[in-house]
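The primary structure of each chain is shown beneath.
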Amino acid sequence: MSPVIVIPAFSRELSLLRLLESLARAEYPEIVKLIISLEGGASDAVIRVAKQFSSPKLLVTVIFQEKRLGLRKHIIACGDLALKYGSVIVLEDDLAVDRYFYHYAVAALDCYAENENIAGVALTGIEFNDSSGLPFKPLVNGYSTYLVKIPCSSGQCWTSAQWARFKSWYADSSGETVCLTEGLPDSVKEWPESSWKKYFAAYICRENLYFVYPYQAYSTNCSDPGGSHILEGADHYQVSFASQNRQSPIFDFCPVSKPDVAYDAFLEPCGEYIFSILKMQADEVEIDIYGTKPASLISKKKFILTSRPVLNSVNRFPKRFRPVEHNFSYPSLQNFEDCISLSEIAELKSIDVRKPTLIDYSYYAGINFFSMALVREVLLVALPSIVAKRIRFALRKVRR
């Protein structure tokens, strides 16, 4: 399989240039087709960067959308190219790619092409949980990949069959379809209608599918200012890259049937490992480690594994190990403050979504937020700087 690379671009010429430079440094088994899809009304600078780019490794074509599509429709149009070319790698303009991204994409698409439980392949890893707002680290399963019921928007690949199945579902969907999707986090349902990802997330939930994610990232999201959804830019979607001087990696892809390590739409573990370590069945216990699942989900089962406060528990697991799954091998009867409880649903003190605490941030980020040196730095340096920045921003808006 030789997927075509497609870049949707609109107004960020420096971002596009950085992505193109990383593509030029990457390795390919043959000359690969690259399509730069320019949104209707694209800036002159973006058009110039797209037209001037060339590489002996890439056959470059620049296409122009006739009108302003908006982010969702533009990404959908780029995905549609999988139907024409057999498979596609979609890279938004504020990404950068690893030297071996194309080798990984080809191997992963080939491996999972015939499996109808796979909705697509991610190039990037996950280091941040959107649902809880906390750092995330997956349990290592011994393979190159693991499975998640969340789509990827930081470098994603589809075969024509995978994309066709989504498009068939998408044709009959609406914003109401997304809002009525059980098992989809409310935070995702609240994303704007310009988000293609929220529709794809609903599709994965409704059809009980997985996206394939690599442990070693092959793309990263710089989230530059000027994007459709992150106007001021952000850095929490950046993920770790490996050395660009390393030898070509060897891929060993995880099985899809009864995966040992997998995660649901809340990034809660839902693979065989978590239930085997608890000695329970998936239909009797709801995994709610972050405490963010809605009452409609947690009320369906008898037991819950949760960070929410409970009256009584069957077992308590202090958060001492990382990633979080390792804690469940070490239950404790002691009354630690920072515990995850295995309890009956009826023993929950509250069904409200739990907000993360400073203790949570300390554990998941691996940083001692109670260090006096850190507290001093925040109070004397970081906080005044943030406040000053907000004041300057507010003043600019007033002047306008």
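Since the model is a prediction, treat every value here as computed from it, not as a measurement. (Residues numbered from 1 in each chain as written. Predicted model: local features only at pLDDT ≥ 70, side-chain atom pairs only at ≥ 80, totals over all residues. Heavy atoms only, no water.)

A.B. asks: What's the story with the overall build of the chain in this structure? I'm lost.
C.D. replies: Tallying secondary structure elements over the chain gives 13 helices and 17 strands in all. The buried share among the 400 residues of the chain stands at 49%. Excluding contacts between residues fewer than 6 apart, the proportion of contacts in the chain whose partners are at least 24 apart in sequence is 74%. For the chain, the accessible surface area stands at approximately 19,300 Å², while carbon and sulfur atoms represent 53% of it. (Helix = DSSP H or I, 4+ residues; strand = E, 2+ residues; numbered from the N terminus. Buried < 20%, exposed > 50% of the residue type's maximum accessible area, 1.4 Å probe, protein only. Contact = heavy atoms within 4.5 Å. Areas by Shrake-Rupley, 256 points an atom, 1.4 Å probe, with all protein chains shown as cover.)

A.B. asks: Looking at this model, I keep getting lost on the sheet that holds strand β16 (residues 315-318). Mind explaining?
C.D. replies: Each strand in a sheet pairs with its neighbour through backbone hydrogen bonds, running either in the same direction (parallel) or in the opposite one (antiparallel). Across the sheet, which stays open at both edges, the 4 strands sit in the order β14-β15-β17-β16 with mixed pairing between neighbours. Edge positions in the sheet fall to β14 (285-288) and β16, since each has one partner strand and no second. Between one strand axis and the next, the sheet turns by 15° as a mean value, whatever way the strands run. Where strand β15 (residues 303-306) meets strand β17 (residues 339-344), 4 bridges bridge the pair, whose relative direction is antiparallel. Opposite Phe303, over in β17, you have Glu344 as the bridge partner. (Pairing = 2+ DSSP bridges. Axes fitted to C-alpha atoms, helices over the stretch in contact; angles between N-to-C directions.)

A.B. asks: Teacher, can you tell me more about the packing of aromatic side chains here?
C.D. replies: Two numbers describe a pair of aromatic rings. These are the distance of the centres and the angle of the planes. Enumeration according to the criterion identifies 32 aromatic pairs in this entry. Judged by centre distance (4.7 Å) and plane angle (45°), the ring pair of Tyr146 and Tyr215 falls under tilted. Of the two residues, Tyr146 is situated in strand β9 (residues 145-148) and Tyr215 in the loop between β11 (210-214) and β12 (219-221); the sequence distance between them amounts to 69 residues. The class for Tyr215 is partly exposed, based on a relative accessible area of 24%. Taken together, a centroid distance of 6.1 Å and an interplanar angle of 70° make the contact between Tyr218 and Phe251 edge-to-face. With Tyr218 in the loop between β11 and β12 and Phe251 in the loop between β12 and β13 (262-263), this residue pair connects regions lying 33 residues apart in the sequence. Classification of Phe251 by relative accessible area gives partly exposed; the value is 21%. (Phe/Tyr/Trp six-rings, centres within 6.5 Å; stacked < 30°, edge-to-face > 60°.)

A.B. asks: In this structure, what is going on with the sheet that holds strand β2 (residues 32-38)? I would like to understand it.
C.D. replies: A sheet is described by the order of its strands in space; here 9 strands give the open sequence β3-β2-β1-β4-β10-β6-β11-β9-β13, paired in mixed fashion. For this open sheet the edge positions go to β3 (58-64) and β13, each flanked by a neighbour on one side alone. On the sheet, helix α6 (residues 160-170) packs against β4 (87-90), β6 (118-122) and β10 (156-159) and is oriented at approximately 90° with respect to β10.

A.B. asks: Which parts of the structure should I look at to understand the side chain of Thr124?
C.D. replies: For Thr124, the position within the fold is in the loop between β6 and β7 (128-129). Non-local contacts of Thr124, meaning those with residues more than four positions away in its chain, are made with Cys152, Ser154, Gly155, Tyr213, Pro214, Ala217, Tyr218, Ser219, Thr220 and Val239.

A.B. asks: Hey, could you run me through unusual backbone geometry in this one?
C.D. replies: Trans peptide bonds make up the majority, and among non-glycine residues the majority have a negative phi. A cis amide bond links Arg322 with the next residue in sequence, Pro323, at an omega value of -5°. A positive phi angle, close to 50°, is found at Lys258, a residue other than glycine. Here Lys258 shows up in the loop between β12 and β13. On the accessibility criterion, Lys258 (66% relative accessible area) is exposed. The phi torsion at Lys279 lies on the positive side, around 60°, for a residue other than glycine. Inspection of the secondary structure assignment puts Lys279 in the loop between α10 (272-278) and β14.

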